Amino acid sequence: MTSKVSTYLDDGRVFEYEVDGPDKAREHSHAIVTSGYRHTDESLGIMEHYPPHRISKVKISGGVTTSYPDRVRGT
């Protein structure tokens, strides 16, 4: 099973890629939030690093479960 990691930047762009399962996706999500996101455009031969303050959200989809489900409420 694969899981998708989606990284949302403050300018509205979303970078997505797939990894092998939810455990690997959690590792990637933690690393992105902690150290930022690195995007490589191989056709141009460049790499861009977006620091953590540029990241609005990291979302994982595909087989993710938790022992601690939460709920949302307003203030």
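Please read all numbers here as calculations on a predicted model, not as lab measurements.

## Digging into the nonpolar core
Here comes step 1: In terms of nonpolar packing, the biggest core is built from 10 residues, these being Val5, Leu9, Phe15, Val19, Ala25, Ile32, Tyr37, Tyr50, Ile55 and Val58.
Here comes step 2: For this core, the elements supplying multiple residues, two or more each, are strand 1 (3-9), strand 2 (14-19), helix 1 (22-35) and strand 5 (55-61).
Here comes step 3: Leave out the neighbours within four places in its chain, and Tyr37 touches Thr7, Phe15, Tyr17, Ile32, Glu48, His49, Tyr50 and Ile55.

## Quick word on the pattern of salt bridges
Here comes step 1: Taken as a whole, this structure holds five salt bridges when the rule is applied.
Here comes step 2: Here Asp11 and Arg13 are joined by a salt bridge, their closest N and O atoms 2.8 Å apart.
Here comes step 3: On the basis of relative accessible area, Asp11 is assigned to the partly exposed category, the value being 43%.
Here comes step 4: For Arg13, a relative accessible area of 36% translates into the label partly exposed.
Here comes step 5: A salt bridge links Asp11 to Arg54, with the shortest nitrogen-to-oxygen separation between them at 3.5 Å. Here Arg54 lies in the loop between strand 4 (46-50) and strand 5 and Asp11 lies in the loop between strand 1 and strand 2, a separation of 43 residues in the sequence.
Here comes step 6: Judged by its relative accessible area of 23%, Arg54 falls in the partly exposed class.
Here comes step 7: Because the salt bridges share partners, they merge into one network encompassing Asp10, Asp11, Arg13 and Arg54.

## Points about the environment of Phe15
Here comes step 1: Tracing the backbone shows Phe15 in strand 2.
Here comes step 2: Note on Phe15: relative accessible area 12%, which makes it buried.
Here comes step 3: Through-space distance from the C-alpha of Phe15 to that of Lys4 is 10 Å; in sequence the pair is 11 residues apart.
Here comes step 4: When neighbours within four sequence positions are excluded, Phe15 is seen to be in contact with Val5, Ser6, Thr7, Leu9, Tyr37, His39 and Tyr50.

About the thresholds
- Residues numbered from 1 in each chain as written.
- Predicted model: local features only at pLDDT ≥ 70, side-chain atom pairs only at ≥ 80, totals over all residues.
- Heavy atoms only, no water.
- Core = buried A, V, L, I, M, F, W, Y, C linked by side-chain atoms within 4.5 Å.
- Buried < 20%, exposed > 50% of the residue type's maximum accessible area, 1.4 Å probe, protein only.
- Helix = DSSP H or I, 4+ residues; strand = E, 2+ residues; numbered from the N terminus.
- Contact = heavy atoms within 4.5 Å.
- Salt bridge = Lys/Arg side-chain N within 4 Å of Asp/Glu carboxyl O.

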